[in-house]
Amino acid sequence: MATPQQLQLLAPLSGVLMPLDQVPDQVFSSRVIGDGLCIDPTSQTLCAPLAGVISNVQVSGHAVSITDDNGVQVLMHIGLDTVNLAGKGFTRLVEEGQRVAVGQALIEFDADYIALNARSLLTLMLVVSGEPFTWLTPETGGVESGQPLLSLNPSEVVAAEPMPEEGEALFSKPVTLPNANGLHARPAAVFAQAAKGFSASICLHKQQDSANAKSLVAIMALQTAHGDILQVSAAGADAEMAIKTLAELLAAGCGETVTVMAEVETVAAEASSLKVLRGVCASPGAAFGQVVQIAEQTLEVSESGVSPQVEREYLSLALVAAVLALQQLRDKATGDAQADIFKAHQELLEDPGLLDQALALIDAGKSAGFAWRAATESTAALFKSLGNALLAERAADLADVGQRVLKLILGVEDRAMELPDGAILIAEQLTPSQTAGLDTRKVLGFATVGGGATSHVAILARAFGLPAICGLPVQVLALANGTRVLLDADKGELQLDPELAAIEQLQANRQRQKKRQQYELENAGLAACTRDGHHVEITANIASLAEAEQAMALGGEGVGLLRSEFLYLDRNHAPSHDEQASTYSAIARTLGPARNLVVRTLDVGGDKPLAYVPMERETNPFLGMRGIRLCLERPQLLRHQFKAILSSAGLARLHIMLPMVAQLSELRQARQLLEEEALALGLTELPKLGIMIEVPAAALMADLFTPEVDFFSIGTNDLTQYTLAMDRDHPRLASQADSFHPAVLRLIANTVKAAHAHGKWVGVCGAMASEKLAVPLLLGLGVDELSVSVPLIPAIKAAVREVDLLDCQAIAQQVLGLESAEQVREALRLHREATVDTSLILEN
Ligand code: PEP
Ligand code: MG
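Here, residues in each chain are numbered from 1, in the same order as that chain's written sequence. Chains carry letters from A onward and ligands carry numbers from 1 onward, assigned in written order. Predicted model: local features are reported for residues with pLDDT of at least 70 only, side-chain atom pairs are reported and counted for 80 or more only, and whole-chain, interface and lining totals are derived from all residues. The side-chain quantities take in all heavy atoms of the structure and omit both hydrogens and water.

Here's the deal with the coordination of the magnesium ion (ligand 2)
In the first shell of the magnesium ion (ligand 2), the protein supplies Glu694 (OE) and Asp718 (OD), at 2.0 to 2.2 Å from the metal. Highlighted residues: Glu694 in the loop between β32 (688-693) and α20 (696-700) and Asp718 in helix α22 (residues 716-724), separated in sequence by 24 residues. Relative accessibility under 20% of the residue-type maximum defines a buried residue, over 50% an exposed one, and the middle range a partly exposed one, all with a 1.4 Å probe and only protein chains included. A residue is classified by how much of its surface remains accessible, and Glu694, at 2% relative accessible area, is buried. A residue is classified by how much of its surface remains accessible, and Asp718, at 3% relative accessible area, is buried. A donor here means any N, O or S atom no more than 2.8 Å from the metal (3.2 Å for Na, K and Ca); water is not included, so a site may seem to lack partners. A helix here means a DSSP run of H or I that spans at least four residues, while a strand means a run of E at least two residues long, and both kinds are numbered starting from the N terminus.

Digging into the packing of helix α26 (residues 805-816) against helix α27 (residues 821-835)
As a packed pair, α26 and α27 sit with axes 10 Å apart at the nearest point and diverge in direction by 155°. In terms of their interaxial angle, α26 and α27 are classed as roughly antiparallel. When you trace α26 past α27, the crossing you get is right-handed. On α27, the residues touching Asp807, Ile811, Gln814 and Val815 of α26 are Val824, Ala827, Leu828, His831 and Thr835. Only the stretch in contact is used when a helix axis is fitted, and all axes are lines through C-alpha atoms; the angle between N-to-C directions ranges over 0 to 180 degrees. An angle counts as roughly parallel when it lies under 35 degrees, as roughly antiparallel when it exceeds 145, as roughly perpendicular when it falls between 65 and 115, and as oblique in every other case. With the far helix as reference, a near helix turned anticlockwise by less than a right angle produces a left-handed crossing, and one turned clockwise produces a right-handed crossing. Whether two residues touch is decided by their heavy atoms; if any such pair falls within 4.5 Å, the residues are in contact.

Digging into the packing of helix α16 (residues 577-591) against helix α18 (residues 635-646)
In contact at an axis separation of 8 Å, α16 and α18 are set at 40° when each is read in the N-to-C sense. As the angle between them shows, α16 and α18 are arranged oblique. The crossing of α16 and α18 is right-handed. Of α18, the residues touching α16 (which contributes His577, Gln580, Ala581 and Tyr584) are His640, Gln641, Lys643, Ala644 and Ile645. Charged residues are taken to be Asp, Glu, Lys and Arg, nonpolar residues to be Ala, Val, Leu, Ile, Met, Phe, Trp, Tyr, Cys and Pro, and polar residues to be all remaining types, Gly included. Here the contact of α16 with α18 is built from residues that sort into four nonpolar, four polar and one charged.

Some details on the site of ligand 1
A single heavy atom is enough: if one lies within 4 Å of a molecule or strand, its residue is considered near that molecule or strand. Around ligand 1, 14 residues are found, and the nearest of them are Arg563, Arg600, Gly715, Asn717 and Arg728. Counting of polar contacts relies on pairs of N or O atoms within 3.5 Å, with two restrictions inside protein: one atom must be capable of donating a hydrogen and the other of accepting it, and residues adjacent in sequence are counted only when both atoms are side-chain atoms. Here an oxygen atom of ligand 1 and a backbone polar atom of Asn717 are 2.8 Å apart. Only the protein chains shown count as covering a residue, and every accessible area follows the Shrake-Rupley method with a 1.4 Å probe. Burial of ligand 1 by the surrounding chains reaches 97%, relative to a free accessible area of 290 Å². Listed by contribution, the elements that provide at least two residues to the shell around ligand 1 are β29 (558-563) and α22. Of the residues forming the shell around ligand 1, the biggest block, three residues, is contributed by α22. A per-class count over the shell around ligand 1 returns three nonpolar, four polar and seven charged.

A closer look at the pattern of salt bridges
A pair is scored as a salt bridge if a Lys or Arg side-chain nitrogen falls within 4 Å of a carboxyl oxygen belonging to Asp or Glu. The final tally for this structure, using the stated rule, is 27 salt bridges. The shortest N-O distance in the salt bridge between Lys244 and Glu248 comes to 2.4 Å. Linking Lys244 with Glu248, this pair stays in helix α5 (residues 239-252), spanning four residues, or about one helical turn. Assessed through its relative accessible area of 35%, Lys244 is described here as partly exposed. We classify Glu248 as partly exposed; its relative accessible area is 37%. A salt bridge links Arg600 to Asp603; the nearest nitrogen and oxygen atoms lie 3.7 Å apart. What makes Asp603 buried here is its relative accessible area of 2%.

As for unusual backbone geometry
What you tend to see is this: most non-glycine residues have negative phi, and most peptide bonds are trans. Here Ala86, not a glycine, exhibits a phi torsion of approximately 50°, which is positive. Mapped onto the elements of the fold, Ala86 is located in the loop between β7 (73-77) and β8 (90-92). Its identity is not glycine, yet Ala725 carries a phi of approximately 55°, on the positive side. Structurally, Ala725 can be placed in the loop between α22 and α23 (742-757). On the basis of relative accessible area, Ala725 is assigned to the exposed category, the value being 69%.

Some points on the confidence of the model for the chain
The predictor attaches a confidence to each residue, and that confidence, scored 0 to 100, is pLDDT. Averaged over all residues, the pLDDT of the chain equals 86, while 91% of them reach at least 70. Of the regions scoring below 50 in pLDDT, residues 261-272 engages in 24 contacts with residues more than four places distant in sequence or in other chains.

Some thoughts on the sheet that holds β29
With respect to topology, eight strands assemble into a closed barrel ordered β28-β29-β30-β31-β32-β33-β34-β35, the strand pairing being parallel. Neighbour to neighbour, the strand axes of the sheet diverge by 25° on average, direction disregarded. We call two strands paired when DSSP finds no fewer than two bridges between them. Direction of pairing for strand β33 (residues 711-714) relative to strand β34 (residues 761-764): parallel, over a ladder of four bridges. Counterpart to Ile714 in the pairing with β34 is Val764. The sheet strands contacting α18 are β30 (596-600) and β31 (653-658), and the helix crosses β31 at an angle near 165°.

Considerations on the pairing of strand β23 (residues 423-427)
Of all five residues in β23, five are buried; the element is thus mostly enclosed. Both β23 and strand β24 (residues 443-448) contribute to a ladder of five bridges, which runs parallel. The partner of Ile426 across the bridge, within β24, is Ala447.

Topic: helix α15 (residues 545-553)
Since the α-helix packs 3.6 residues into each turn, any two residues three or four apart lie on the same face. Three or more residues of α15 are buried, namely Ala548, Ala551 and Met552. End-on, the buried residues of α15 take up no more than an arc of 95°, which puts them together on one face. In the core, the buried residues of α15 are packed alongside β28 (537-542), β29, α16 and α25 (793-801). Directly after α15, the chain includes Gly555, whose backbone phi takes a positive value near 90°. Working note: the arc is built from the helix axis to C-beta atom directions.

Quick notes on the sheet that holds strand β26 (residues 484-488)
Strand pairing in a sheet relies on backbone hydrogen bonds. The paired strands run either parallel or antiparallel. Spatially, eight strands are ordered β20-β27-β26-β22-β23-β24-β25-β21 in an open sheet, and the strand pairing comes out mixed. Two strands lie at the open edges of the sheet, namely β20 (276-278) and β21 (280-283), each paired on one side alone. Within the sheet, the average angular offset between the axes of one strand and its neighbour, ignoring direction, is 30°. Taken together, the three bridges between β21 and strand β25 (residues 468-470) define a ladder with antiparallel strand orientation. If you follow Val280 over to β25, its bridge partner there is Cys470. Of the strands in this sheet, β22 (286-293), β26 and β27 (493-496) touch helix α14 (residues 500-522), which is tilted by about 120° from β22.

Laid out in structure tokens, this is it:
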């Protein structure tokens, strides 16, 4: 630590002083880079305002910075947007690393040329090392080059932040710099400002060179250029969040409008030569249209506040306005799914922890915007770090709602997005707020890098009835706006510049699809009987009363899976008995006494935590305290649920189903609790009790479970993930985690055989049951009931009516001997072509 002498800064130019606040460039006027002054020049040679070493002179000659021996750092920037002149009109008289005397000429410039070719000639002199100063002249009016202007108050030089040691630091993926002029003053300032928001020590690397990411001058000294490959490294508590945020910021252009480039590993040349990008289907269908890239606006926030009182007021007004705006979005939402998302956003805004964090920062002198952003970002980082898919989605929600409030604080209006017709929206991640205001008449589909089948983009795409693909490689962000693409969500493919034949085929398919849907809908009321007279029950997977009603209207023969979690999630206390009981009864009444209602007991825990059921953090939540395990550990929760479900007995043919059963003892304990609750209610007859088959152990021991259950329902989603050891939501494994894998099929076959030996029925309620291609296979394996997603009831019923049971049995036996899911799918496609009238069948 050294104490500098009083230091005078001289005018680097002759000209007229202008207040920094009036500079028509936010990065300078907001003092993000540093405080200082602005001169409208009348001379054409920029001179050193202090003695020191040239710490950076931009190749383009429009900016230079000097660091003196005490660490005082002054940046001079000639003109606005002069980086675009690429050196024309500037002559550099000094080199980086050169020691210069006060008053020494640094850069000559052609004022006429610059005035004509750049936005402005206004020249900035900024103390970027942050020392406070006092004025030695009036703050406006004429000055002569070399005239003393500022006096820097002695202050302690902040020791340079240690660079993270290799080994202790985390590194981001390489990012190809998209900025046309590299990280010049403005984007460098945005980047450094963002880096300062983290406590970790952070470096920006360009090949062998690295710079302190919190130092604007150091970043500028890296002399980055368009297309440079950069990496961020960080060491410290929030290092992970820092590298993620800063790498994303770099890729997005640090506040400049850029064409986003692909990451290095996906080499740009490769992107242009690729014809197909592969991801995961998030919402079925296909569309041909043009690329529209959607990027979240980068907002600039000043760090210090006016006063805690004023900043508290800003925050509170913005929060009120955000809640109102979310209410309007809820009211206008397209269906329950979308409304629920905005409801969850409103709840996030009521989170006292978040508000306390922001208020503490405001009270420490920060601006409302800065405080709010810091609070939301750190909470989102916490959610993400817990390694839980559901909480990671919450982090995305928080980022979305955080941005909404920040815009309100800053008075930034949401720019209405002007979309061309036939837009295929491409984004790193599409937020609910971005999709809410969209003109869906112009949007044909979504394609994103982030998100999985359960992400919000997937939910919203399904609500809009639009095809969507998630988990695409990052090259997709490098596609130019207007590129013609064919989005085939069913295959999880985005075809670039497709052949005319492929487009025509798609359009022809769409026509056939429409006709087919009409036909299916018209016949939805018919029973699902195969051509040779075998009846299969087609029931619905539901999670609300509205879905129960819709299922009945679409020909559903009952409910094969009521996911009762909907009553428990997204709230801070357990649902009351009356609330639960009235919901179950209303659903049962909708079905009536002749139809099956299978209520699955609470399947939460691990991956779907409940706020009011505190649980320890788990390393592998999918292998942890979920489903029946959680309920048996908290029997009171299960007892309450049994009691509420039992209150609907008699209104429908009531079945109770236990999720995630792996042990006979779990089934026995649960039955015991159920019997006790039924007895307490004076019920003489117990509802049917069954288990889900979604853990391989249960499928393999189905023969031992069968005598003790009334039915099985196979949850192919979880059964597949546990059989193949592949996370069902993993974006890169999703295409392999396929329920058509012969290993999963063998477990289904084993379950059916065991159940039928004891006269018990078997349903399938995983997503596989909703696939038309699976219909002959599941029928052939002997499955008695298919519980499907509500809108697909008519399609699955129609698919059953098109096959013969004997054919189905033959193909099922055949595919059990195959090697892979692809082989199974191919065999089923061929079988369908050979046995069914293909004029009414579509390739989906
Ligand atoms: C399944 O695992 O297949 C299933 C139906 O349960 P969920 O998707 O609710 O886990
Ligand atoms: Mg499951």
